[in-house]
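# A structural walkthrough
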Amino acid sequence: MQWIYVFCLLLKLYGMDNARIMECNNLTNRSLRAAVDVGGTFTDVTLSNPETGELVSVKTLTTPNDRAEGVLTGIAEVLQAAGETEDRIREVVHGSTTGTNALIERKGARVGLLTTAGFRDVLEIGRIQRPMSGLYDVNVDRPLPLVPRYLCLEAMERMTADGTVLKPLEEKTVRAAAEKFSAEGVEAVAVAFLFSYLNPLHERRASEILAEILGDIPVTLSSGVAPEYREYERTSTAVMNAYLTPIMNAYLDDLAPRLEKLLGDARLSIIQANGGSTSVDVARDKAITTVNSGPAGGVVAAAFYGRRHNRDKIVSVDMGGTSFDIGLIENGESQVTTEGDFQGLPVKIPIIDLHIIGAGGGSIAWRDTGGAPNVGPFSASSDPGPACYGRGGDQPTVTDANLVLGRLNPDYFNAGNMSLTAEASRAVIGEFAESLGVGVEEAAMGIIKVVNANMIKGIATITIQRGIDVRDFSLFSFGGAGGIHAADLAKELNMTEAIVPPLAGTFSAVGLLVTESRQDYVRALGNVTTESADPTALDLIYRELEVEGVKDLVAQGFDREAIELIRYADLKVKGQTYELSLPLPMSSPFDQKGLASLVEAFGNLYRSRYAFFFEGEPIEIVNLRLAALGHNVPVHLPEGEKMGTDPNTVQKGSRDVYFEAVGFTDTALYDRGNLGVGMTIAGPAIIEEDTSSTLIPPDATAEVTSDLGLIIRFDGSEGSP
């Protein structure tokens, strides 16, 4: 912000009018950053003051029928809680669920696909594979394509595998397709021609023709959103972006002016699935990058916290009201992949490796046709919510079960802004218990055990099933419901410890503040091996991408000094199908020595993944990538005080809490804000705070860290200091 102060001083020196000077002073007054994470049940808002390092968080109920209303309400409430005013906010960082919900509910735009003649069935054919989750389950099938076959139309054109024009584009076939799209009421169009990632000439001309006939209907080019090989994945990505673009644009068209009315010229940034933020304009154009953006912020936050406490292997789990979001952190960094999927449909963009299941506080308990109890994926959401919310919910949920078991304080839920009705929970759990032929507490405990089993299965999907020994990792649990289940999950997985960070209930919003602005760029090379590659030509490509990255981030308001450029390359053994992505081991310029270092790094990575690498195999360079990062002001977590090591001095009371092995047990209660650094709290105990609670079982202890984080360990376990 120093340049702003200099600019203001120059205005005064050169005698500019007072109105301009006041406008400039207003810019200097804007130093706060607000993060908004819209979940299925709650909207979390965290306000960061870089000047003081203070973080203030609130939760407000999500408003499904008008999500922007919940965003505005949350911002107003966090400003009030912090004693600040609207004109102090410089930036709002927004994690959006708009695209995610549209995919889940299949409520995106009506899309038409224009593709190369002979390839209209690419979405139907796919990879001719069953989904991994359905290899042994005949009831699981691939999701239906987002475009019905009758809206998949063909254009006469053809590029060769090296990007040479084999058959020029017949424009009349594009015009005929456009007329059909118009007659069918298509709201967006995706264009995916063969080998367009090497030569986008035909796609760009088709876009111009479509615009002539269809007007303002958005057109997504596969060469623009995913310029990489693999036709099915590239086409799927383009289609998904087209499917989401009108939905995201409508949401931003509603949110942006309302935010401007409330906050003036504060900048609105949108979190992407790659864990970085971007501008509203980019989010409008590449709506697909906003899917799973809130959960991605949570994984970034977990990596940030792990680095602070020397934990470089973490399984992050965010348990909110609706979903359970699982991320993997190795070597202190979140894992970014270009081989992901959204709702079972492949995408070819950089995304944080996440696994999301329907298991949250609002997940509904039900019985299947065989009478067995199940929990989720259906959720009571925020409207009506669990029965204990008193908003009309009449089905048993995980939150109701925790309340019946004494794990939640009915008078201090969401900082006391909501009162829970224990009688309502007991009534719906009682009906469920009667259907099972068991007692109320036994039924409630059964709900907890089932949802825990679902979450453990989800964790295994990205760890054990990939050959990763989860015992080497720390469980990092956050979200409004996470702390109640953290210890049970870690113990069941034989993990050494569970970590519950400060501001646990809104820690995903903290992650949105931690993220950097990020733009990703890729250039496909075609058939280039490490032996035939010209390092000078590769370096030139990187430099072109870097110019583009700097230009885009400067346009978003970043100084050149705040921009970091990271080069990556995708390599594979020639003849194999899939590539590995790795950062360049040496900085620019990229020369013959750098190429040799890249080959060596690829061999090491290949060996670590597959246990063996045959030296001397020809290696193909598939893509060159660049990540352009715009660094934001660092976020500081709260620092606790050393108040002695005896927790009895801050115990605020006790209540009966149900544990399966011993039944109801007198359990100590603590207010997290009163804990001192270095205290060790023996279970059974419950540590309450404004936006969440943490359960310490009878066989566990919790150590309070310097920033009031909690490290839960079990009897006989040895954790890191």
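Remember, it's a predicted structure, so these values are computed and weren't measured experimentally.

For the structure on display, the rule yields 16 aromatic pairs. Centroid distance Phe-602 to Phe-613: 5.9 Å. Interplanar angle 90 degrees. Geometry classified as edge-to-face. Residue Phe-602 is found in helix H18 (residues 592-610), and its partner Phe-613 is found in the loop between H18 and strand E28 (619-630); the two are separated by 11 residues along the sequence. With a centroid separation of 5.2 Å and an interplanar angle of 75 degrees, the aromatic rings of Tyr-658 and Phe-664 are classed as edge-to-face. Overall, the relative accessible area of 16% leaves Tyr-658 in the buried class. Phe-664 gets classed as partly exposed once you look at its relative accessible area, which sits at 41%.

Okay, the nonpolar core next. If you look at the biggest cluster of nonpolar residues, it comprises 75 residues, and the most contacted ones within it are Ile-75, Ile-89 and Leu-114. For this core, the leading source of residues is helix H9 (residues 231-263), giving 13 residues. In this structure, Val-317, Phe-324, Met-495 and Leu-710 belong to the second largest nonpolar core, which totals 61 residues.

Below, the discussion takes up the packing of helix H13 (residues 422-436) against helix H14 (residues 440-462). Where H13 meets H14, the closest approach of the two axes is 8 Å, and the angle between their N-to-C directions is 90 degrees. By the angle class used here, H13 and H14 are roughly perpendicular. Contact residues: H13 offers Arg-426, Ile-429, Gly-430, Phe-432 and Ala-433, while H14 offers Val-440, Glu-441, Ala-443, Ala-444 and Ile-447. Looking at the contact of H13 with H14 residue by residue, the class counts come to seven nonpolar, one polar and two charged.

Of the two faces of strand E32 (residues 685-688), the one carrying Ala-685 and Ile-687 and the one carrying Ile-686 and Glu-688 are both buried. With four bridges connecting them, strand E30 (residues 663-671) and E32 associate as parallel partners. Counterpart to Leu-669 in the pairing with E32 is Ile-686.

Attention now moves to the sheet that holds strand E10 (residues 219-221). Taken together, four strands build an open sheet; the order of strands is E6-E5-E9-E10 and the sheet is parallel. The strands lining the two open edges of the sheet, one partner per strand, are strand E6 (152-155) and E10. On average, each strand axis in the sheet is tilted by 25 degrees relative to the strand beside it, whichever way the strands run. Two elements, strand E9 (residues 188-192) and E10, share three bridges in a ladder whose sense is parallel. The residue bridging Ala-190 from the neighbouring strand is Thr-220, located in E10. Contacting strand E5 (111-116), E9 and E10, helix H7 (residues 201-214) crosses the sheet at an angle of about 160 degrees to E9. Strands E5, E9 and E10 of the sheet are contacted by H9, whose axis makes an angle of about 165 degrees with E9.

Turning our eyes to something else, we now look at the environment of Ala-685. Here Ala-685 lies in strand E32. Of the residues examined, Ala-685 reaches a relative accessible area of 0% and is grouped as buried. With 225 residues separating them along the chain, Ala-685 and Ala-460 place their C-alpha atoms 28 Å apart.

The next subject is the packing of helix H6 (residues 171-183) against H7. Interhelical geometry of H6 versus H7 gives an angle of 40 degrees and a closest axis separation of 9 Å. It follows from the interaxial angle that H6 and H7 lie oblique. Crossing angle aside, the handedness with which H6 passes H7 is right-handed. Residues Glu-171, Val-174, Arg-175, Ala-178, Glu-179, Phe-181 and Ser-182 of H6 form the contact with H7, whose own contacting residues are Arg-205, Ala-206, Ile-209, Leu-210, Glu-212, Ile-213 and Leu-214. In terms of residue class, the contact of H6 with H7 is made up of eight nonpolar, one polar and five charged.

Mean pLDDT over the protein chain works out to 89, with 94% of the residues at or above the 70 mark. Contacts from residues 1-14, a stretch scored under 50 in pLDDT, to residues over four places away or in other chains number 18 contacts. Confidence drops under pLDDT 50 across residues 18-25; counting only partners more than four residues distant or on other chains, this segment forms 10 contacts.

Below, the discussion takes up the pattern of salt bridges. Opposite charge on two side chains allows them to pair when their charged atoms are near. This model, assessed by the stated rule, comprises 46 salt bridges. Residue Glu-212 is joined to Arg-175 by a salt bridge in which the shortest nitrogen-to-oxygen separation is 3.2 Å. Remark: Arg-175 occurs in helix H6 and Glu-212 occurs in helix H7; sequence separation between them is 37 residues. Arg-175 sits in the partly exposed class, given a relative accessible area of 32%. The network of salt bridges with shared partners includes Glu-228, Arg-230, Glu-339, Lys-348, Asp-570, Glu-579 and Arg-625.

Analysis parameters
- Residues numbered from 1 in each chain as written.
- Predicted model: local features only at pLDDT ≥ 70, side-chain atom pairs only at ≥ 80, totals over all residues.
- Heavy atoms only, no water.
- Phe/Tyr/Trp six-rings, centres within 6.5 Å; stacked < 30°, edge-to-face > 60°.
- Helix = DSSP H or I, 4+ residues; strand = E, 2+ residues; numbered from the N terminus.
- Buried < 20%, exposed > 50% of the residue type's maximum accessible area, 1.4 Å probe, protein only.
- Core = buried A, V, L, I, M, F, W, Y, C linked by side-chain atoms within 4.5 Å.
- Axes fitted to C-alpha atoms, helices over the stretch in contact; angles between N-to-C directions.
- Parallel < 35°, antiparallel > 145°, perpendicular 65-115°, else oblique.
- Contact = heavy atoms within 4.5 Å.
- Nonpolar A, V, L, I, M, F, W, Y, C, P; charged D, E, K, R; others polar.
- Pairing = 2+ DSSP bridges.
- Left-handed = near helix turned anticlockwise from the far one by under 90°.
- pLDDT = per-residue confidence, 0-100.
- Salt bridge = Lys/Arg side-chain N within 4 Å of Asp/Glu carboxyl O.

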